[in-house]
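For reference, the chains in residue letters:
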Amino acid sequence: MPVGKYQSAIYPCTHPRCTRHCYTPRGLTQHLRWCKFNPANQYAFPSPEPEPQPPHPSSPEQPPSPAGPSSPAPGPSSRTPSPFEPQPSQHRNPRRSGTTVRKHPYLGGDPCDEEGFTLPPNTPPPPAEVDEDPLFPFDNAEEFLLAQFLYSKVQMSAGDIDYLMTIWNAFQKQTSSDDTMEPPYGSAKDLYSTIDSIPYGDIPWEGFKVKYEGPRPENPPPWMDAEYEVWYRNPLDVMEAQLGNPEFGEKIDYAAKEVKSRDGKRQYVDLMSGEWAWEQSNQLALSDPSLHGAMLAPIVLGSDKTTVSVATGQNEYYPLYGGLGNAQNDIRRAHKGAMSILGFLAIPKTERDEQDSVEFRQFRRQLLHASIAKILMPLKPWMTKPKVTKCGDGHWRRVVYAIGPYIADYPEQCVLACVVSGWCARCTAPASDLDELQVTEDSERAVQRSHEHTEAIRRTWNGDVKKMWDGYGMIGDVVPFTAYFPRANIHDLLSPDLLHQIIKGTFKDHLVSWIVEWMEKQEDGKKLVTEMDRRIKVSPHFAGLRRFNDGRNFKQWTGNDSKALMKVFLPAITGLVPEGMVRAVAAFLDFCYLVRRSQIDETILDQIDDAIDRYHAEREVFREHGIRENFNLPRQHSLLHYRLLIQMFGAPNGLCSSITESKHIQAVKETWRRSSRNQPLGEMLLANQRLDKLAAARVEFEPFIPAHLRDPRDQRRTIQTTRAAPASVPGDDDRDGGASDMMTSEGDVRLPLRPVSHYPRSLPLLSQHVGIPQLEEHIRRFLFDQLNPESDVIGMDVDLAECPHVDPNLHIKVFRSATALYHAPSDVSGIGGMHREVIRATPSWQKGLPRHDCVFVEEDPEGVGFRGMNVAQVCFFLSFKHWGREYQCAYVRWFEWFDTEPCSLTGLWRVRPDYTRDRRRMTSIIHIDTILRCAHLLPVFGTSRTPKKLHHSKALNAYKLFYVNKYIDYHAHEVAF
């Protein structure tokens, strides 16, 4: 690096070729250890050559011939370290208390200067350049916020924008005030021109055309003469923009890592914590020592056809998405730009009589793979040598790219892997024997698929594509796009898909459908189905719970509908179907909730295996009752691969197809709706480019936006992990939960700032108003517990005379809600994995019947799971002062355990209302610090029928026994076991 950048540094490097000067002798000593010209430095590398321009061929290169079978990728713990390997660094992970992180010893993502030379450790990033006009092309922050509001938030049409500016201008002319501001934009055209001038996020669209060039019959069909357009953005520019996003600076892993818990167990969290990223780093480090210190940057891909309208002609689009694999899972799930649209693939069309022709099907498949390969080709030169790139933390790094996991549902996986539908896209398990076939290294019936294995089969059968199709489920006349790139095998890169394989596939399409089919075959089948729907309908209130006001019988199912049904389905079928079906559903739900966690360690992996074994054993009940003849179902077969996929790619919730489906809304559907519908693709491309510019500008302009202009509903600084779908009926779900960017240790419950206004404040009047004559007694017993924490007798059992006396006119504030904050990274959570939940205790909810939520109350800190807790129903919250100290409390009705173990049939704990000796409900006052969070109770229906007119708000009073619903969300599954 030139000396001019360090004019005050007076200690020069001793190597004649190095021009580095240091500030202190200690700095010089550190520099000598890292100097690129020092032969003893194992990280030394020659001066970087000029960066060649990535090729833009008219067609992808032919893939290299296979070099032979590949061996399984060893993980960090199984590889043999080199004798000159440096001591790996270990540090505590600030995101997860009690964990240690060990990064890859060679590809460690070390910062470098702009020329690619590695910097000494702890070197601060270079100072950011000061822009003389930081808000260009806007005059002020208000103009930018208005542009973002009109174009991105409310998506106002051009005509409406023109009309708004006309009104604004007319209002200004009629106002005599001299300081009235003129409209910031003269028209919609002026607004669009300003957005187009934003210098950030400016990645233009490019395109190419593809045409069939194979053998042609005498009268070729129209599809052979048609040209198909593919539009894309340079993926290298997109990845560099994501890498340089300062909003992601602290949420990017710059090296493969090994995460271990306090007890030494391996944890799988983000993509870079998996063994795939570690093995990719191993391969690069061994292939080229000059890559030591570089950063591995996997590219997460995803594609899926989507329909924008069923009432118009061309209504299908085929978007391709890409994102930086170094981004941690919560960022990728947050819809904040960690997954960007890379292109729109072509969808060839033909007449019905040509749809199944061999030529058309082959052309359609090869068009997809060739298009993806060409789009990704600018990345290929930088998959074997580094490209110096500026990152979001301000440092420069030498980045080496790699094709990473591919997000796709099962039909898309078959197309990408060139596998026949009905076969597994990862292994060669026969389509006729997918029941419980385990894939092992020495298995003769099923092996992991790979390019090398496909080529070996091709040579064995002399290129006979029919034998490859019938014998191995291979489509032998198509070349997968990953064959064009180094270290890429599509069969290994297919990621797990929680949405379509687990939630929509195995649960909704299989288990729910099978159970309903069994019910309908019974003599009173319709009554059984109706009873199940009524049970689902009367599920008590819970924050965020989707309400099925008409049961589960509706036509258009979404992923959110299936997730909501999972929460309440198990108790609804108990007593209506054979016990084996109940146990099968319980085992599968355990599997689903385990793999959906954000942190998965070796213990949870064993629990996942156990849940799969239990499910496979219990699902035989469907075969016994004639519902299924076999279980040759690819989506259920995929369960066998989940342990390996978690070990390879980390927690699956960061690679779910729900991420790409949510991107469809903004990138495809909303941009289509705002178009003229006349050849709308061009308008959609322009709209996406403008949206990206506004999003990039918002990140850059964030320091200049005044606090009073920030939208309080804007969750920009709150990392959302799911996107709430709009309710089909107003008020059909309880929206009291969400992400929180507030940081606490484990959990916290807080009261609102203002109490309810119309409640009396004095103790006697309040006692009369709420109808609780014993309120003063409850307060005194509560104070006994607070003032005597070491007492062997609790306040409920002590003689009232020993309890503290309180002022007869004690001033009490009453609240109808409280907010619980707790660490739940697997649910809708904010920065640091914090989740916010509102606990309601109100006599009228949404101008209707009362709502009194239940809560988990911590009783025994040493108890494991629910054994250390109990459940109570909150009547109201209150606060008062005693001897100058404020106490924040809740008046609750207690439940008690029904037994000392979970139910053997459902695996759920059961509780019942607790009564005093005179058969009154057991009530007391507890401190809100003992409340963990909301609890959800579901009635134990048994074989009785649900009253037709029972309202869900009365369910907690209508039944005498309840399940503690651990499936209401993922945090409850972790704490109420």
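Not measured: the values here are computed from a predicted model. (Residues numbered from 1 in each chain as written. Predicted model: local features only at pLDDT ≥ 70, side-chain atom pairs only at ≥ 80, totals over all residues. Heavy atoms only, no water.)

Observations regarding the overall build of the protein
Rules: The helix and strand labels rest on DSSP assignments: H or I over at least four residues marks a helix, E over at least two residues marks a strand, and numbering proceeds from the N terminus. Burial status follows relative accessibility: with a 1.4 Å probe on protein chains alone, a residue under 20% of its type maximum counts as buried, one over 50% as exposed, and anything between as partly exposed. Contacts between residues were defined by any pair of non-hydrogen atoms, one from each residue, lying within 4.5 Å. Note on areas: Shrake-Rupley with a 1.4 Å probe; residue coverage comes only from the protein chains shown.
Secondary structure assignment for the protein yields 27 helices and 31 strands. Within the protein, buried positions represent 54% of all 977 residues. Sequence separation of at least 24 residues holds for 69% of the intrachain contacts in the protein that already meet a minimum separation of 6. Summed over all atoms, the accessible surface of the protein reaches about 44,500 Å², with 50% contributed by carbon and sulfur.

Some remarks on the packing of helix H2 (residues 141-153) against helix H23 (residues 681-701)
Formally: In this description, a line fitted to the C-alpha atoms serves as the axis of each element, helices being fitted only across the stretch in contact, and the angle between N-to-C directions of two axes falls anywhere from 0 to 180 degrees. Here a crossing is called left-handed whenever its near helix is offset anticlockwise from the far helix by less than a right angle, and right-handed whenever the offset is clockwise. Under the scheme applied here, ten amino acids are nonpolar (Ala, Val, Leu, Ile, Met, Phe, Trp, Tyr, Cys and Pro), four are charged (Asp, Glu, Lys and Arg), and all others, including Gly, are polar.
Relative to each other, H2 and H23 sit at 145 degrees, their axes nearing to 11 Å. Between H2 and H23 lies a crossing whose hand is left-handed. Note on element contacts: H23 touches H2 through Leu686, Ala687, Arg690, Leu691, Leu694, Ala697, Arg698 and Phe701, opposite Phe144, Leu145, Ala147, Gln148, Tyr151 and Ser152. Considered class by class, the residues forming the contact of H2 with H23 number 10 nonpolar, 2 polar and 2 charged.

Here's the deal with empty space enclosed by the protein
The condition is simple: Only protein atoms enter the 1 Å grid used here. Points where a 1.4 Å probe fits but cannot escape make up a cavity, open sets with protein on both sides within 12 Å along at least five of seven lines make up a pocket, and a residue lines them when an atom lies within 4 Å of a point. Grid points are joined across faces, edges and corners, and a volume is the space filled by probe spheres set on the points.
One pass over the full model with this rule turns up 4 cavities of 30 Å³ or more. Forming the boundary of the largest cavity are 14 residues, of which Gln413, Cys424, Arg426, Gln501 and Ser638 lie nearest the centre. Of all elements in the fold, only helix H10 (410-417), helix H20 (634-637) and helix H21 (642-649) reach the threshold of two or more residues within the lining of the largest cavity. Grouping the amino acids of the lining of the largest cavity by side-chain chemistry returns 7 nonpolar, 6 polar and 1 charged.

What about the environment of valine 940?
You can see valine 940 is positioned in the loop between strand S30 (937-939) and helix H26 (955-958). Distance from valine 940 to valine 964, taken between C-alpha atoms, is 9.9 Å for residues 24 residues apart in sequence.

Regarding the pairing of strand S8 (residues 257-260)
To keep things clear, this is the line we draw: One bridge is not enough; two strands pair if DSSP finds at least two bridges between them.
Taken together, the 4 bridges between strand S4 (residues 100-103) and S8 define a ladder with antiparallel strand orientation. Paired with threonine 100 across the bridge in S8 is lysine 260.

So, the confidence of the model for the protein
Note the cut-off: Think of pLDDT as the predictor's per-residue confidence, scored from 0 to 100.
For the protein, mean pLDDT is 84; residues scoring 70 or higher make up 82% of the total. Within the model, the stretch residues 1-10 combines pLDDT values under 50 with 18 contacts to residues more than four positions away or in other chains.

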